[in-house]
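Examining the three-dimensional arrangement
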Amino acid sequence: MSRRRSHKAQTIIERLKQKVNRQTLLSLEACVHCGLCTDQCHYVLANPGDPTYAPPYKAAKIRKLFKAHIDWTGRFAPWWVGAKSVFTDEELEEMKDTIFGKCTNCRRCSINCPMGVDMATFNRMARGLLVHVGVMPEGVAVVAKDQWEIGNQMGVLPEDYAETLSWMEEELQTEYNDPTIRIPVDKPDCDVVYTINPREVKYDPRTIAEAAAIFHFAGENWTMSSQGWDMTNFGLFNGDDDLGGAVARRVYESVKALRGKKLVISECGHGYRSTRCEGPNWAKMDLDFPMESSVITMLRYIHEGKIAVDKTKNTESVTFHDSCNNARSCGLFEEPRELLNLVCTDFREMYPNRAENYCCTGGGGAMSMSEYSARRLKSAKIKADQLKATGAQIVVTSCHNCVDGLSDLIKHYKLDMKVKQLVNLVAGALVIPESTDRVEASENQVIAADPPKESA
Ligand code: SF4
Ligand code: SF4
């Protein structure tokens, strides 16, 4: 007698058949169970002896469904290939615990897999299947709802956004005693439209002011938009391509409506990856403007002599945390380091770094899943040890999500360290010209160090 399936389980199986594509198929097929990826995962390293954190174990939760319902080997020898279906809502809850609660989609295991298995890609697909039937951590549901309904991840209302920009504009005018400093909104035909993470409005508005100061002293013709200003995209984390497409479309349409010539994305790893790399596909849009990380914009301004910086204004020791999305997934490795070496006197690497760096442990939307906080902070021991070994006073990262993940673990492990972003250090090192037409260089200032790089 065949077993009855719950409505949710049946829906997931039907949707799986639509969602498997060439990229996920290869990863679902290619694993040879060599185990080389196992000790690449921070969860495994922090939980020795617990096999449920091993990437192949976690992948098997998804692979068994693929084998049971799509792959031909599962029909002939299900016991041999580990094919197994799901029937009950309790089984879906167990999947949720692994797919959301034991993987940050950081892709560190993937770059160490000889077969090219991309765990994060099919884990994201599996999250999307569960989200489709309403099985997800509560925090994930709340954030996705805010982004669908209010237009940004943190539920920032239009009046709060406008008020914060105007407040920061006033602060800047007072700080620099310069009434010409503006934070323009909805100015058409600008060379740069600047998009931000709503966390900046809600918790860290100084980053908006610092970016505005940099644009101002660089003489940039720039604006922010009153619509589609949130470049973060929870669709990357919850696996919902429809949300991913809707959010990316809002951002692109705001640039088009203003006839902006370039979209500059503030420091946020998943925002950068979603908007610049994944968004055009999700939104199904051909874009006629380039997109650039603000890290590259700031570096370019120094190279082009548009701003001058004095590194002796930042003398505390600094290390750099590579955000998984910026670095491993988008290749932004060298630009932040080049920038750091121009704006601070004591930059030191943490090890391992670049593509091999460990996740901040708050990635993949983990900061919104409070039920897994204890697990997250336990796995953060790996990152805490890595930070501590640098002896640095400041850890810099180009990602608002990493700022939260790192701040939380620094507090938990009682590290004597602060978290900053590149925009903080660049703004702190600015040499303010008497006239914005020309900046004079002194011994410690850098002007037009090298030819400008291509925009990313
Ligand atoms: S390293 Fe790759 S092939 Fe080996 S177990 Fe891990 S995912 Fe499978
Ligand atoms: S993607 Fe990252 S968190 Fe997930 S299994 Fe691989 S190494 Fe672990």
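A quick note: this is a predicted structure, and the numbers were derived from the prediction, not measured.

Thresholds applied
- Residues numbered from 1 in each chain as written.
- Chains lettered and ligands numbered in written order.
- Predicted model: local features only at pLDDT ≥ 70, side-chain atom pairs only at ≥ 80, totals over all residues.
- Heavy atoms only, no water.
- Near = heavy atom within 4 Å.
- Nonpolar A, V, L, I, M, F, W, Y, C, P; charged D, E, K, R; others polar.
- Pairing = 2+ DSSP bridges.
- Helix = DSSP H or I, 4+ residues; strand = E, 2+ residues; numbered from the N terminus.
- Axes fitted to C-alpha atoms, helices over the stretch in contact; angles between N-to-C directions.
- Contact = heavy atoms within 4.5 Å.
- Salt bridge = Lys/Arg side-chain N within 4 Å of Asp/Glu carboxyl O.
- Buried < 20%, exposed > 50% of the residue type's maximum accessible area, 1.4 Å probe, protein only.
- Parallel < 35°, antiparallel > 145°, perpendicular 65-115°, else oblique.
- Left-handed = near helix turned anticlockwise from the far one by under 90°.

As a matter of local geometry, ligand 2 sits amid Cys 41, His 42, Tyr 43, Pro 55, Lys 58, Cys 103, Thr 104, Asn 105, Cys 106, Arg 107 and Cys 109. Of the residues assigned to the shell around ligand 2, the class counts are six nonpolar, three polar and two charged.

Right, let's talk about the sheet that holds strand β8 (residues 418-420) for a bit. Picture the strands of a sheet paired through backbone hydrogen bonds; they go either parallel or antiparallel. Taken together, three strands build an open sheet; the order of strands is β6-β7-β8 and the sheet is parallel. Bordering the open sheet on either side are β6 (318-321) and β8, each of which pairs with just one other strand. Pairs of neighbouring strands in the sheet enclose a mean axial angle of 30°, with direction left out of account. Note: strand β7 (residues 394-397) against β8, three bridges, orientation parallel. Paired with Val 396 across the strands is Lys 420, a residue of β8. Across the sheet, helix α21 (residues 400-412) touches β6, β7 and β8, and the angle it forms with β7 is around 155°.

What follows covers the pattern of salt bridges. A full pass over the atoms with the stated rule returns 29 salt bridges. A salt bridge links Glu 149 to Lys 145, with the nearest nitrogen and oxygen atoms 3.2 Å apart. Here Glu 149 pairs with Lys 145, and both are found in helix α10 (residues 138-149), just four residues apart, close to one helical turn. Accessibility expressed as a relative area gives 48% for Lys 145, which makes it partly exposed. What you see here is one network of salt bridges that share partners, running through Lys 262, Glu 292, Arg 300, Glu 304 and Lys 306.

What follows is about the packing of helix α20 (residues 381-390) against α21. Viewed as axis vectors pointing N to C, α20 and α21 meet at an angle of 85°, and their least axial separation amounts to 10 Å. In terms of axis orientation, α20 runs roughly perpendicular to α21. Listed contacts from α21 to Lys 383, Ala 384 and Leu 387 of α20 are Leu 406, Leu 409 and Ile 410. Class assignment of the residues belonging to the contact of α20 with α21 gives a composition of five nonpolar, no polar and one charged.

Turning our attention to the site of ligand 1. Taken together, Cys 31, Val 32, His 33, Cys 34, Gly 35, Leu 36, Cys 37, Pro 56, Cys 113, Pro 114, Met 115 and Val 117 make up all the residues around ligand 1. Class assignment for the residues of the shell around ligand 1 results in 10 nonpolar, two polar and no charged.

Attention shifts here to the packing of helix α4 (residues 55-69) against helix α7 (residues 89-99). Running from amino to carboxyl end, α4 crosses α7 at an angle of 135°, the nearest separation of the two axes being 9 Å. Taken as axis vectors, α4 and α7 run oblique relative to one another. Like other packed secondary-structure pairs, α4 and α7 cross with a definite hand, here left-handed. Of the residues in α7, those in contact with Lys 58, Lys 61, Ile 62 and Leu 65 of α4 are Glu 94, Met 95, Thr 98 and Ile 99. Looking at the contact of α4 with α7 residue by residue, the class counts come to four nonpolar, one polar and three charged.

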